[in-house]
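Secondary and tertiary structure notes
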Amino acid sequence: MVIDGVSQTTGIERVVEVGAADAGVLLAIRDRKLGSELGRVVVPAEALMGVLTEQPKGVQRVSALEIEVRRNEVWLALGGPDAAVGLDDLLDAVAVVLPS
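Attention here is on the structure that accompanies the text. (Residues numbered from 1 in each chain as written. Predicted model: local features only at pLDDT ≥ 70, side-chain atom pairs only at ≥ 80, totals over all residues. Heavy atoms only, no water.)

Observations regarding the side chain of arginine 14
We apply this condition: Elements are defined by DSSP. Helices are runs of H or I of four residues or more, strands are runs of E of two residues or more, and each kind is numbered from the N terminus. Burial classification: accessible surface area is computed with a 1.4 Å probe over protein chains only, and a residue below 20% of its type maximum counts as buried, one above 50% as exposed, and the rest as partly exposed. Nitrogen and oxygen atoms within 3.5 Å of one another constitute a polar contact, given that in protein one can donate a hydrogen and the other can accept it, and given that sequence-neighbouring residues count only through two side-chain atoms. Only heavy atoms enter the contact rule, under which two residues are in contact if any of them lie within 4.5 Å.
Here arginine 14 lies in strand β2 (residues 13–21). Look at arginine 14 and you get buried, because its relative accessible area is 7%. Within the local environment of arginine 14, its side chain forms a polar contact with the backbone oxygen of aspartate 82, the two atoms lying 3.2 Å apart. Excluding residues that lie within four positions of it along the chain, arginine 14 makes contacts with Ile3, Asp4, Gly5, Val6, Ser7, Ile29, Arg30, Asp31, Arg32, Leu38, Asp82 and Ala83.

Here it is as structure tokens:
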């Protein structure tokens, strides 16, 4: 599933791809205009859902992913590349890729 986003550091449009992986949820950040992949990580589904639903204050680290829930927006960063996406969009995408 693909979610539109924007880099909080550069203002450049991003795309976040959410997919299933054996070890959890695959997240990839791409440059929208160029289509190039800027980073990808597989995170444990339970850890990701815990951050999204509990919404602890401040930046949380899940594997190599930094994540911060800011009201109805989620900031994702993989070292340098980052993207902010809608919380509801990300929750919906994760729900689609998780086994039922």
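Additional details are given in the paragraphs that follow.
Here's the deal with the pairing of β2
The side chains of a regular strand alternate between the sheet's two faces. Applicable threshold: Note on pairing: DSSP must find at least two bridges between two strands before they are called paired.
As paired strands, strand β1 (residues 2–6) and β2 are joined by five bridges and run antiparallel to one another. Across the sheet, valine 6 pairs through a bridge with glutamate 13, a residue of β2. Counting the residues in the hairpin turn of β1 and β2 gives six residues, including glycine 11, whose phi is positive at 80°. Bridge count for β2 against strand β3 (residues 24–31) is eight bridges, and the pairing is antiparallel. Directly across from alanine 20, in β3, lies its bridge partner valine 25. The antiparallel hairpin formed by β2 and β3 contains two residues in its connecting segment.

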